[in-house]
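The lines below spell out each chain.
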Amino acid sequence: MQLRVMTIQDYEKIKALWKSIDGFYIRSIDDSLEGMQKFLAKNPHTNVVALQNDEIIGTILCGYDGRCAYFYHVCVKKEYRHKKIGKSMVDFVIKSLEKEGATHINLVAFKTNEVGNLFWHEVGWNLKDNVNMYEYILDSDNIRLPNLPKE
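Here's a quick rundown of the structure.

Conventions adopted
In every chain, residue numbers begin from 1 and rise along the written sequence. Given that this is a predicted model, residues contribute local features only at a pLDDT of at least 70 and side-chain atom pairs are listed and counted only at 80 or more, while totals for whole chains, interfaces and linings are drawn from all residues. The basis for every side-chain value is the complete set of heavy atoms in the structure, and neither hydrogens nor water enter the calculation. Each nonpolar core is a collection of buried residues, namely Ala, Val, Leu, Ile, Met, Phe, Trp, Tyr and Cys, held together in the definition by side-chain atoms within 4.5 Å. Categorising residues by exposure relies on relative accessible area from a 1.4 Å probe, with only protein chains included: less than 20% of the type maximum marks a residue as buried, more than 50% marks it as exposed, and the intermediate range marks it as partly exposed. Put simply, DSSP H or I for four residues or longer makes a helix, DSSP E for two residues or longer makes a strand, and each gets a number counted from the N terminus. By definition, residues are in contact when any of their heavy atoms lie within 4.5 Å. Aromatic pairs are defined between Phe, Tyr and Trp rings, using the six-membered ring for Trp, whenever the two ring centres lie within 6.5 Å; interplanar angles under 30 degrees are classed as stacked, those over 60 as edge-to-face, and all others as tilted. Only strands joined by at least two bridges in the DSSP assignment are considered to pair.

What follows covers the nonpolar core. Formed by 17 residues in total, the largest nonpolar core has its most connected members in Ile60, Cys62, Phe71, Ile85, Met89, Val93 and Leu97. Breaking this core down by element, the ones donating at least two residues are strand E3 (48-52), strand E4 (55-64), strand E5 (69-76) and helix H3 (85-100). A total of five residues in this core trace back to one element, the largest contributor, which is H3. Setting aside residues no more than four positions away along its own chain, Ile60 makes contact with Met6, Thr46, Asn47, Val48, Phe71, Tyr72, His73, Val74, Met89, Val90 and Val93.

Rendered as structure tokens:
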């Protein structure tokens, strides 16, 4: 397994991975090719892919705004889980963020994401129970695309 900084050339393989994961949400605009180009341009060093041979088997998108970093789309392909790939990706991004001067990271794990919530607990992250997260949609076309279970 190899880790490296994500590039826009990875987009089609990344999108295929995201679509292969049951319950994974992608957005029509944010996760489009153009949306990813914008995100990677603003955060060129803080996103990672995990590869096995030439296959992308894991991702973390990480945005840093100069005050706080946020993780998005943290995932590992099902058959590669429980092999410390997720932890290795987290460590990779943390090192990148330390170089950027970041002091803390936040992320959202949906309450129904049992696998994700267990992972974050196991790697020592703290569940914040003192905040509510709100969302305001600026572009109504930026919808969550359904990720239907495979037949």
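With that settled, the discussion passes to the packing of aromatic side chains. Considering all chains together, one arrives at seven aromatic pairs under this definition. Judged by centre distance (5.3 Å) and plane angle (65°), the rings of Tyr25 and Phe110 are edge-to-face. In this pair, Tyr25 is assigned in the loop between helix H1 (11-20) and strand E2 (26-27) and Phe110 in the loop between strand E6 (105-107) and helix H4 (114-122), connecting sequence segments 85 residues apart. Under the relative-accessibility criterion, Tyr25 is labelled partly exposed at 38%. Judged by relative accessible area, Phe110 falls into the partly exposed class, the value being 35%.

Negative phi characterises most residues that are not glycine, and trans characterises most peptide bonds. The residue Asn53 is not glycine, and still its phi comes out positive at about 60°. Note on placement: Asn53 falls in the loop between E3 and E4. By relative accessible area, which is 73% here, Asn53 ends up exposed. For His73, which is not glycine, the phi dihedral falls at a positive 50°. Residue classification places His73 among the buried positions, given a relative accessible area of 18%.

With nine of ten residues buried, E4 lies mostly within the body of the structure. Hairpin connection of E3 to E4: two residues between the antiparallel strands, including Asn53 at a positive phi of 60°. In the sheet, E4 pairs with E5 via six bridges, with the strands oriented antiparallel. Bridge assignment links Gly58 to a residue of E5, and that residue is Val76. Taking the residues that link successive antiparallel strands as the turn, the E4-E5 hairpin has four residues, and the phi of Gly66 there is positive, at about 95°.

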